[in-house]
Amino acid sequence: MALEELYRDVILDHYRNPRHRQPLEAPDRRAEGVNPLCGDEVTVELKMEGDRVVDVAVHGQGCSISQSSGSMMSEAIKGKTRAEIEAIAAKFHSMMTAEDETAAGLDPSRPGAVLGDLEALQGVRRYPVRIKCAALPWTTLEEALGPAG
Ligand code: ZN
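Residues numbered from 1 in each chain as written. Predicted model: local features only at pLDDT ≥ 70, side-chain atom pairs only at ≥ 80, totals over all residues. Heavy atoms only, no water.

### Remarks on the packing of aromatic side chains
Selection criterion: Any Phe, Tyr or Trp ring, taking Trp's six-membered ring, that has another such ring centre within 6.5 Å forms a pair; planes under 30 degrees apart are called stacked, those over 60 apart edge-to-face, and the others tilted. Here a strand is any run of E in DSSP of at least two residues, a helix any run of H or I of at least four, and the numbering for each starts at the N terminus. Working definition: with a 1.4 Å probe on protein chains only, accessible area under 20% of the residue-type maximum means buried, over 50% means exposed, and in between means partly exposed.
Tallied over the full model, the rule gives 1 aromatic pair. Considering the side-chain rings of phenylalanine 92 and tryptophan 138, the 4.8 Å spacing of their centres and the 20° angle between planes classify their relative orientation as stacked. Here phenylalanine 92 is found in helix H3 (residues 82–97), whereas its partner tryptophan 138 is found in helix H4 (residues 128–145), with 46 residues between them in sequence. Per residue, the accessibility class of phenylalanine 92 equals that of tryptophan 138, and both read buried.

See the structure below:
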């Protein structure tokens, strides 16, 4: 199977079966984000223990890119500390803005080795308008986490 097809299947799987979609009963942090260019809406809820995200919910509506990105993000950040999440977010950002996989710090021979399912979104960088869709859950997460300390 070509890599592009594999990535498309991963994106559709997250879109159709979003992970951690069930809203949390008593979130410590919550933020809502919108991408007016596409009409995407994402809500991020976090349960914190110290600076660790022990539970997460991501729900909303919009295109397959925004919603699958939120689902993938929820899997990537659950159980992680703020510092670990910031490192993942930085890698994701460079993946979406770099010229190619190698420049983004990914290993083309081992798909998913660095960022897991999130790497399926890298094809989106060829469509600048859609990068905002993929980034929406992450900017909303940033808002939910708030300033450090
Ligand atoms: Zn969108």
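So much for the structure itself; the text now carries on.
### Considerations on the coordination of the zinc ion
Note the following rule: Donor atoms (N, O, S) are those found within 2.8 Å of the metal centre, with the cutoff raised to 3.2 Å for Na, K and Ca; water is not part of the atom list, so apparent gaps in a site can occur.
Bound to the zinc ion are the protein donor atoms Cys38 (SG), Asp40 (OD), Asp40 (OD), Cys63 (SG) and Cys133 (SG), situated 2.1 to 2.7 Å from the metal. A residue is classified by how much of its surface remains accessible, and cysteine 38, at 36% relative accessible area, is partly exposed. Exposure remark for cysteine 63: the relative accessible area of 15% places this residue in the buried category.

### Description of the pattern of salt bridges
For clarity, the threshold we go by: Throughout this description, the term salt bridge denotes a Lys or Arg side-chain nitrogen within 4 Å of a carboxyl oxygen of Asp or Glu.
Applying the stated criterion across every chain yields a total of 8 salt bridges. As a salt-bridge pair, aspartate 13 and arginine 19 come within 2.8 Å of each other at their nearest N and O atoms. Taken together, the shared-partner salt bridges connect Asp13, Arg19 and Glu75 into one network.

### Regarding the layout of surface pockets
Filter applied, for reference: Cavities and pockets are defined on a 1 Å grid built over the protein atoms alone: a cavity is a set of grid points where a 1.4 Å probe fits but cannot escape, while a pocket is an open set with protein on both sides within 12 Å along at least five of seven lines, and lining residues are those with an atom within 4 Å of any such point. Grid points are joined across faces, edges and corners, and a volume is the space filled by probe spheres set on the points.
For the largest pocket, the calculated volume is near 420 Å³. Those elements giving two or more residues to the lining of the largest pocket turn out to be helix H1 (3–16) and helix H2 (64–77). Every residue lining the second largest pocket is listed: Ala89, Phe92, His93, Met96, Thr97, Ile131, Ala134, Ala135, Trp138, Thr139 and Glu142. When residues in the lining of the second largest pocket are grouped by element, the largest group, 6 residues, is from H4.

### What to know about the packing of H3 against H4
Defined as follows: Here, axes are lines fitted to C-alpha atoms. For helices the fit covers the stretch in contact, and angles between N-to-C directions go from 0 to 180 degrees. Between 65 and 115 degrees an angle is taken as roughly perpendicular, under 35 as roughly parallel, over 145 as roughly antiparallel, and anywhere else as oblique. The crossing is said to be left-handed when, going from far helix to near helix, the turn is anticlockwise and less than a right angle, and right-handed when the turn is clockwise. Residue contacts follow a heavy-atom distance rule, with two residues in contact if any of their heavy atoms lie within 4.5 Å. Under the grouping applied here, Gly and all other residues not named as nonpolar or charged are polar, the nonpolar ones being Ala, Val, Leu, Ile, Met, Phe, Trp, Tyr, Cys and Pro and the charged ones Asp, Glu, Lys and Arg.
It is the contact of H3 with H4, at a shortest axis distance of 11 Å, that shows an interaxial angle of 160°. Classified by the angle their axes make, H3 and H4 are roughly antiparallel. At the point where H3 passes H4, the crossing takes the left-handed sense. In this structure, H3 contributes Arg82, Ile85, Ile88, Ala89, Phe92 and Met96 to the contact, and H4 contributes Ile131, Ala134, Trp138, Leu141 and Leu145. Here the contact of H3 with H4 is built from residues that sort into 10 nonpolar, no polar and 1 charged.

### Topic: the environment of lysine 132
Tracing the chain through its elements places lysine 132 in helix H4. Owing to a relative accessible area of 48%, lysine 132 belongs among the partly exposed residues under this scheme. Sequence separation between lysine 132 and isoleucine 65 is 67 residues, and the spatial gap between their C-alpha atoms is 9.4 Å. With near-sequence residues (within four places) excluded, lysine 132 lies in contact with Asn35 and Leu37.

### Considering the nonpolar core
Selection criterion: In this text, buried Ala, Val, Leu, Ile, Met, Phe, Trp, Tyr and Cys residues form a nonpolar core when linked through side-chain atoms within 4.5 Å.
Counting residues in each nonpolar core, the largest one holds 37 residues, and the members touching the most others are Val44, Leu46, Phe92, Met95, Leu118, Leu121 and Leu141. At the level of elements, H1, strand E2 (40–49), strand E3 (52–61), H2, H3 and H4 are the ones that each hand at least two residues to this core. With 7 residues, H4 is the single largest residue contributor to this core. Not counting the four nearest positions on each side in its chain, leucine 46 is found in contact with Leu24, Pro27, Asp28, Arg29, Val53, Asp55, Val56, Ile77, Leu141, Ala144 and Leu145.

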